Amino acid sequence: MEDFNITEETIMQEPQKQPEEPKPKKAKNPMAKRVLSGAAILALGFGSGVGGAYCYNALNDDSTPVIQTSTATPTSTKTSSGLTYTQIAEKTMDSVVAIQTESKTTGSFMQDYITEGAGSGVIISKDGYIVTNHHVIDGASKVTVTLKNGKTYNAKYVGSDEQSDLAVIKIEADDLTPAVLGDSDQLSVGDTAVAIGNPLGTLGGTFTTGVISALDRELTIDGETMTLMQTNAAINPGNSGGGLFDANGNLIGIVNAKSSGESIEGLGFAIPINDAKTVIEELLENGYVTTRAKLGVSMVDVEDEMTAMRYGVSSLGVYIAQVENGTAADEAGLKVGDQIIQMDGEEIDSASEAKKIIHAHKAGDQLKMIVKRDGKEMTITLTLGNSGNTDTNQF
């Protein structure tokens, strides 16, 4: 493997002649705009999503891979500069892989079942490091990677981060074509956006085009609040973990979600590469994000009487469903069945609100909580631990 550093690549192109200014034409009547109404945000990937802890397979040496970064400014589709779609495809297609996963579950009669899943990934180093989504590989017992040339490899786990929905895996291969990282902070609405991935889990290497539809969309997906870019490039199940590229063929985002609903199309989302870059570097070096705070509980929203009866509680609210041994919650005396009333002085109405407050802290910070147990409120102050590297999955 190569020593970790970020190199720069400037993409030079021959100037193109600008078309002559067309003569003014008579203005046409403007068309009425239609506004698309709400949609449910769903994370992609089939069969993935069991578990949520972390593991780290020690690498054979202490070095980390080279990630290439471009300084070229993203280019609007309204200008004549930038690469053609064919040139973008030639530059990027070999950098995106198809991912197949297998997860083992045990049924009620102690029988083992294998669940298959699919997603995409982006090569970030010549020696086989690949970034994908956490939810694509979460809970997997086996992960298989297929390159654009059809070669297939078994992948090893390197690291994962549930909060950012990012993960890194590795295959034993050399002389691969890594993606060149762009600058997502320089993007504007209307800039070219090209998505490449493995839609439906069977169509690896699919290339779809569009634009950046919006920046800084704050969305809550599976209880995690994320700030994402929006694109109208076609995104489908199986695209998760794939790449979103700009007009120069540089990686500007990791695809991770779409909006779904009746008659809804053209609403895909991606993690900005500038946000992803620091997480990827931590996963490469440590296997997890060292500053992530961890409380050590799983929570459930009790929103109706039926759910309250199922969990044996008498009122609606947010409850602790599980306490992990040895964590900050365990050491502070939190128990299964405690109702979370407040965190840091803020009323808690949902598990996602509680997670957002925890995520605003770093490991080692203090968290003040008010919980209700047996009808009595209790104030607990604890020191948050580190999310650490506790995934027991090996593949």
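Counting of residues starts from 1 at the beginning of each chain's written sequence and follows it residue by residue. Only residues with pLDDT of at least 70 are given local features in this predicted model, and only at 80 or more are side-chain atom pairs given and counted; all residues enter the totals for whole chains, interfaces and linings. Hydrogens and water molecules were not included; the side-chain quantities draw on all heavy atoms of the structure.

A. Region of the structure containing the overall build of the protein chain. What counts as a helix is a DSSP run of H or I of at least four residues, what counts as a strand is a run of E of at least two, and both are numbered from the N terminus. The secondary structure content of the protein chain amounts to six helices and 25 strands. As displayed, the protein chain offers around 20100 Å² of accessible surface, 47% of which is attributable to carbon and sulfur atoms. With residues, only the protein chains shown are counted as cover, and all accessible areas are computed by Shrake-Rupley using a 1.4 Å probe.

B. Expanded view of the environment of Ile252. Assignment of secondary structure puts Ile252 in strand 16 (residues 251-260). Contacts: residue pairs with any heavy atoms within 4.5 Å of one another. Residue contacts for Ile252: discarding those within four places in its chain leaves Ser184, Leu187, Thr192, Ile212, Met229, Leu244, Phe245, Asp246, Ile271, Pro272 and Ile273.

C. Seen up close, unusual backbone geometry. One non-glycine residue, Asp165, lies in positive phi territory at about 60°. Along the chain, Asp165 turns up in the loop between strand 9 (156-161) and strand 10 (166-170). Even without being a glycine, Asp374 presents a positive backbone phi close to 55°. You can see Asp374 is positioned in the loop between strand 23 (366-373) and strand 24 (376-383).

D. How the structure looks around the side chain of Ser103. Note on placement: Ser103 falls in strand 4 (residues 96-106). Using a 1.4 Å probe on the protein chains alone, a residue whose accessible area is under 20% of its type maximum counts as buried, one over 50% counts as exposed, and one in between counts as partly exposed. Its relative accessible area of 4% is what places Ser103 among the buried residues. Within the local environment of Ser103, its side chain forms a polar contact with the backbone oxygen of Gly139, the two atoms lying 3.4 Å apart. We define a polar contact as two N or O atoms separated by no more than 3.5 Å, with the added condition that, inside protein, one atom must be a possible hydrogen donor and the other a possible acceptor, whereas residues neighbouring each other in sequence contribute only through side-chain atom pairs.

E. Just the nonpolar core, in detail. Definition used in this section: a nonpolar core is a set of buried Ala, Val, Leu, Ile, Met, Phe, Trp, Tyr and Cys residues joined via side-chain atoms within 4.5 Å. Ranked by internal contacts, the top residues of the largest apolar core, which has 33 residues, are Leu251 and Ile280. Ranked by the residues each element gives to this core, the list is headed by helix 3 (residues 273-286), at six residues. Leu251 has contacts with Val122, Ala179, Val180, Leu181, Gly182, Gly243, Leu244, Phe245 and Ile273, leaving out every residue within four places of it along the chain. Val323, Ala328, Ala329 and Leu367 belong to the second largest nonpolar core, which has 22 residues in total.

F. The pattern of salt bridges, seen in detail. Whenever Lys or Arg places a side-chain nitrogen within 4 Å of a carboxyl oxygen from Asp or Glu, that contact is recorded as a salt bridge. Counting across every chain of the model gives six salt bridges. Across the pair Glu172 and Lys156 runs a salt bridge, and its minimum N-O distance is 3.4 Å. A residue pair is termed long-range when its members are at least 10 positions apart, and Glu172 in the loop between strand 10 and strand 11 (180-181) and Lys156 in strand 9 qualify at 16 residues. By relative accessible area, Lys156 is classed as partly exposed at 29%. Linked through salt bridges whose partners overlap, the residues forming this network are Lys156, Lys170 and Glu172.

G. Just the confidence of the model for the protein chain, in detail. Per residue, pLDDT measures the predictor's confidence, with a range of 0 to 100. Chain-level pLDDT for the protein chain is 81 on average; 75% of the residues reach the 70-or-more range. A low-confidence stretch, residues 1-60 (pLDDT under 50), is modelled with 152 contacts involving residues beyond four sequence positions or located in other chains. Note on residues 76-80: pLDDT is under 50 here. Beyond four places in sequence and across chains, it has eight contacts.

H. Structural view of the layout of surface pockets. Both cavities and pockets are sets of points on a 1 Å grid over the protein atoms alone; in a cavity a 1.4 Å probe fits but cannot get out, in a pocket the set is open with protein on both sides within 12 Å along at least five of seven lines, and lining residues sit with an atom within 4 Å of a point. Grid points are joined across faces, edges and corners, and a volume is the space filled by probe spheres set on the points. In this structure, the second largest pocket occupies an estimated 370 Å³ of space. Mapped by element, the contributors of at least two residues to the lining of the second largest pocket are strand 14 (224-231), strand 17 (268-272), helix 3 and helix 6 (351-359).

I. Just the pairing of strand 13 (residues 206-221), in detail. Only strands that DSSP links by at least two bridges are regarded as paired with each other. Bridge analysis of strand 12 (residues 192-197) against strand 13 gives six bridges, and the strand direction is antiparallel. Following the sheet pairing, Ala193 is matched in strand 13 by Gly210. Where strand 13 and strand 14 come together, seven bridges link them in antiparallel fashion. Its bridge partner lying in strand 14, Ile221 is registered against Glu224. Where strand 13 hands over to strand 14, the hairpin turn is made up of two residues, of which Asp222 adopts a positive phi near 50°.

J. Just the pairing of strand 5 (residues 112-123), in detail. With two bridges connecting them, strand 5 and strand 6 (residues 129-132) associate as antiparallel partners. Pairing of Ile123 across the sheet is with Ile130, part of strand 6. Counting the residues in the hairpin turn of strand 5 and strand 6 gives five residues, including Gly128, whose phi is positive at 105°.

K. Looking closely at the side chain of Ser120. Relative to the assigned elements, Ser120 resides in strand 5. A polar atom in the side chain of Ser120 sits 2.6 Å from the backbone oxygen of Gly238. Setting aside residues up to four positions removed in sequence, Ser120 forms contacts with Val97, Ile99, Thr132, Gly197, Asn198, Gly238, Asn239, Ser240, Gly241 and Gly242.

L. Highlighting helix 3. For helix 3, which comprises 14 residues, the first-to-last C-alpha distance of 19 Å matches the rise-based estimate of 20 Å (1.5 Å per residue) to within 8%. Here helix 3 lies mainly inside the structure; ten of its 14 residues are buried. Residues Ile273, Asn274, Ala276, Lys277, Val279, Ile280, Glu281, Glu282, Leu283 and Leu284 constitute the buried set of helix 3. Looking one or two residues beyond helix 3, the residue adopting positive phi is Gly287, at roughly 90°. Each helix should span, by expectation, one fewer than its residue count multiplied by 1.5 Å.

M. Expanded view of the packing of aromatic side chains. Note on aromatic contacts: the rings of Phe and Tyr and the six-membered ring of Trp form a pair at centre separations within 6.5 Å, being stacked when their planes are under 30 degrees apart, edge-to-face when over 60 apart, and tilted otherwise. A full pass over the atoms with the stated rule returns one aromatic pair. An angle of 75° between the planes, with centres 6.4 Å apart, marks the rings of Tyr85 and Phe207 as edge-to-face. You can see Tyr85 sitting in helix 1 (residues 85-92) and its partner Phe207 sitting in strand 13, a full 122 residues away along the chain. Here the basic side chain of Lys170 rests over the ring of Tyr129, its NZ or CZ set 5.2 Å away from the ring centre. Remark: a charge is flagged as sitting over a ring if the NZ atom of Lys or the CZ atom of Arg is within 6 Å of the ring centre and within 35 degrees of the ring normal.

N. Highlighting helix 6. Where helix 6 is concerned, the buried positions are Ala351, Ala354, Ile357 and Ile358. Within helix 6, the buried residues cover an arc of 125° as seen down the axis, which keeps them to one side. The inward-facing, buried residues of helix 6 contact strand 18 (293-294), strand 19 (297-302), strand 20 (317-323), strand 21 (339-343), strand 22 (346-347) and strand 23. Note that the arc is defined by the directions from the helix axis to the C-beta atoms.

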